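# A closer look at the structure
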Amino acid sequence: MGPQYEYDAIWFGGGAAGRFGAAFHKALGGKPLIVEEHHLGGECHVCRCAFENFFSDQASMAELMRLYSGKSWYPKIDLSNISAAKAAELYREVGQRAFADTMKHQTEKQLGVEVAWGKGNIIDKNIVEVNGKIYKGKNLVIGTGSRPTMPNILGINLPGVMTYIDHPEMRKDPKKMVIIGGGKIGIGKAAMFAPFNIEVTVLEKYTCLPKWDRDIRNFIFRDFKRRGIKIYEGIDVKEIKGKGKVESVVAELDGEIMEFPCDAVMVSIGLTPNSEPAIPLGVKIGKGNEIIIDEGCRTNVPGVYAIGDAAGPPYFMAIARKRGMIAAKNIAGEDAKMDYSFVPDHIYIPPLEATCVGLTEAEAREKYGDVVLIQVPWGPKPEDPKPEEYYPGFENQGLPVCGRMHTLNLLFYGQNRNGLVKAIVDPKSRKYVGFHSVGDGAKTAFQYLSYLLKIGWTVDQMANLHEIFLNAEHFIQLSRLVAGQKELKGFAAQVYLEEDYICR
Ligand code: COM
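All values derive from a computational prediction rather than experimental measurement. Residue numbers restart at each chain and count upward from 1, following the sequence in its written direction. The predicted origin of the model limits local features to residues at a pLDDT of at least 70 and limits the giving and counting of side-chain atom pairs to 80 or more, whereas totals for whole chains, interfaces and linings rest on all residues. To obtain the side-chain values, all non-hydrogen atoms of the structure were included, while hydrogens and water were left out.

### Observations concerning the nonpolar core
This is how the line gets drawn: In this description, a nonpolar core means a group of buried Ala, Val, Leu, Ile, Met, Phe, Trp, Tyr and Cys residues linked to one another through side-chain atoms lying within 4.5 Å. Type-normalised accessible area, obtained with a 1.4 Å probe on protein chains alone, sets the label of each residue: buried when under 20%, exposed when over 50%, and partly exposed for intermediate values.
Counting residues in each nonpolar core, the largest one holds 44 residues, and the members touching the most others are Ile-187, Phe-193, Val-200, Ile-220, Phe-224, Ile-349 and Val-438. Core analysis: the second largest hydrophobic core is formed by 24 residues, Val-357, Leu-453, Ile-476 and Ala-483 among them.

### Focus on the packing of helix H4 (residues 184-193) against helix H5 (residues 214-227)
Note the cut-off: For every element, the axis is a line fit to its C-alpha atoms; helices are fit only across the contacting stretch, and the angle between N-to-C directions ranges from 0 to 180 degrees. Under the DSSP-based scheme used, a helix requires at least four consecutive residues in state H or I and a strand at least two consecutive residues in state E, with every element numbered from the N terminus. Whether a crossing is left-handed or right-handed is set by the direction in which the near helix is turned from the far one by less than a right angle, anticlockwise for left-handed and clockwise for right-handed. Here a residue-residue contact requires only that any non-hydrogen atoms of the pair lie within 4.5 Å. The nonpolar class holds Ala, Val, Leu, Ile, Met, Phe, Trp, Tyr, Cys and Pro. Asp, Glu, Lys and Arg form the charged class, and all remaining residues, Gly among them, are polar.
At their nearest, the axes of H4 and H5 sit 11 Å apart, and the two run at 35 degrees to each other. Both H4 and H5 take part in a crossing whose hand is left-handed. Where H4 abuts H5, its residues Ile-187, Ala-190 and Ala-191 lie against Ile-220, Phe-221, Phe-224 and Arg-227. Its residues assigned to classes, the contact of H4 with H5 shows 6 nonpolar, no polar and 1 charged.

### Looking at the sheet that holds strand E14 (residues 256-261)
Stated formally: Strands qualify as paired when DSSP identifies two bridges or more between them.
Taken together, 3 strands build an open sheet; the order of strands is E12-E13-E14 and the sheet is antiparallel. Bordering the open sheet on either side are strand E12 (235-241) and E14, each of which pairs with just one other strand. Here the average twist between neighbouring strands, direction ignored, is 25 degrees.

### Some thoughts on the side chain of Asn-126
Summarising the element assignment, Asn-126 is placed in the loop between strand E4 (120-124) and strand E5 (127-130). Ignoring any residue separated from it by four or fewer positions in sequence, one finds Asn-126 in contact with Tyr-5, Ile-10, Tyr-135, Lys-136, Gly-137 and Lys-138.

### Observations concerning the pattern of salt bridges
The line we're drawing: Should a side-chain nitrogen of Lys or Arg be within 4 Å of a carboxyl oxygen of Asp or Glu, the pair is scored as a salt bridge.
For the coordinates displayed, the defined rule picks out 30 salt bridges. In this structure, Glu-169 and Arg-171 form a salt bridge, with 3.1 Å as the shortest nitrogen-oxygen distance. Classification of Glu-169 by relative accessible area gives partly exposed; the value is 38%. Classification of Arg-171 as exposed rests on a relative accessible area of 58%. Through salt bridges with shared partners, a single network forms among Asp-213, Asp-215, Glu-361, Arg-365, Asp-370 and Lys-422.

### Side note on unusual backbone geometry
Among all residues save glycine, negative phi is the norm, and among peptide bonds the norm is trans. Looking along the chain, the bond that leaves Pro-313 and enters Pro-314 is cis, with omega of 0 degrees. Structurally, Pro-314 can be placed in the loop between strand E17 (304-306) and helix H6 (317-331). Each neighbour pair has its own omega, and for Pro-350 with Pro-351 the value is 10 degrees, a cis peptide bond. Within the element layout of this structure, Pro-351 appears in the loop between strand E18 (345-349) and strand E19 (352-358). Even without a glycine there, the phi angle at Asn-197 is positive, about 60 degrees. Within the secondary structure layout, Asn-197 lies in the loop between H4 and strand E10 (199-204). Positive phi values are uncommon outside glycine, yet Leu-209 reaches one of about 40 degrees. Here Leu-209 shows up in the loop between E10 and H5. Among the residues examined, Leu-209 registers a relative accessible area of 3% and is labelled buried.

### Some remarks on the site of the ligand
To be explicit about the condition: Nearness here has a simple test: a residue counts as near a molecule or strand if at least one of its heavy atoms is within 4 Å of that partner. N or O atoms within 3.5 Å of each other form a polar contact, as long as, within protein, one can give a hydrogen and the other can take it, and as long as residues adjacent in sequence are counted only when both atoms are side-chain atoms. Shrake-Rupley sampling with a 1.4 Å probe provides the accessible areas, and residues are treated as covered by the protein chains on show and by no other component.
Neighbouring the ligand are the residues Ala-16, Arg-19, Phe-20, Gly-41, Cys-44, Met-103, Met-317 and Arg-321. Arg-19 is positioned such that a nitrogen or oxygen atom in its side chain is 2.7 Å from an oxygen atom of the ligand. Within the contact set of the ligand, an oxygen atom lies 2.8 Å away from a side-chain nitrogen or oxygen of Arg-321. Contact with the protein chains removes 94% of the 260 Å² of surface that the ligand exposes when unbound. The set of elements that each furnish at least two residues to the shell around the ligand consists of helix H1 (16-27) and H6. Here the shell around the ligand takes 3 residues from H1, the largest share from any one element. A per-class count over the shell around the ligand returns 5 nonpolar, 1 polar and 2 charged.

Shown next, in the form of structure tokens:
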């Protein structure tokens, strides 16, 4: 750092990328300054991952209470008055504040990273002004996040049109909600709202969750159908109608105009990077409004870096944080590069979760030819199990639901609904090429599975691990069942669940 600079780097934005990057920078021996207007941790704890985690748990509880009500020893539960708005209020009152305090305490007190609180104004690539005070940095790191992409259609500004940002701000439960966009956010929100007696319809212009494995998609959407969540694909939204507030969504399907009455609309068609603050610096901006960076998170302007969502997809917290870490290393004089291979993906679809990493079956077949599947459930479905009738003597005693549904409580969830796990293996090398799961609780394992994929983990190595029975992700025990085969065949007939979930 030359004598004219107070800081090695000014981290413009203290979200997941900037907070982790600045902390890493400090740990490397540098002198970082974070400039942040609202909260450290960015949107995560306000309306994104932390909020979704909380709200999904509320939705899971509601959905499972409905399923368990009056069965076995569980008391009858009346859910007619439950409220998504109440759940959101609880998070606003408790969760948001608690998270904001924790982030501030951890960053400033525990890690000793300096923060300039207030709206920052970038004067040039070495000078940022905050509340009239000038801060000078040798490097500048832009971590300004992203915002929901909004379609340019009539009625988009009507009261009742929301995005993920407004979800924690809900004050009243809608009766009917239309979700525009069936990507990760839209599908997750559909599963989150439905348990609260909200009628949900998803309108997707192309295909919902297009990058996900076909069996996983089918599993999710068949379950949506059972729950009454309607999915339309190939439908083009034209207008949101209403006098003073949302009343319906108008869309075109196969040349036919359809109208969907509703009192709320959630828009989830994608994200747009917040690259605007960096434009005056002369950084290159891509077609999706993202700041263009190299593998080391450097922009085209020397000394200016971009991290997190501001630098474009993949929009994923781990990528945001790692971009921060890579920028920190390079500011400290290393030559570090981002590695985007084997990044897992995850959706909360309460009461389930879907997680995947690596290739889908279709991609694997294209690349490796005849792949082997290690999968449950597979083949013909068992008859729908009948959950026990109410067990006399337990009326209004005991807990309604034991937390979430882990493992065998999923049996309540009905025919083949207790999850699907699928590992895809190249039989020649015996290496895994993809893992997929829908069920409860698998996401923890995927943090490690993604690394195992990367290092070329084999079925034989997996068979040597120690499973803790019962776990939601059965990959270890399933792999051991077939690992003795000299010529790997796996054990999953290639049975596709029929695609009957689309409303058309
Ligand atoms: C996640 C926010 S809640 S951060 O990545 O820890 O800053």
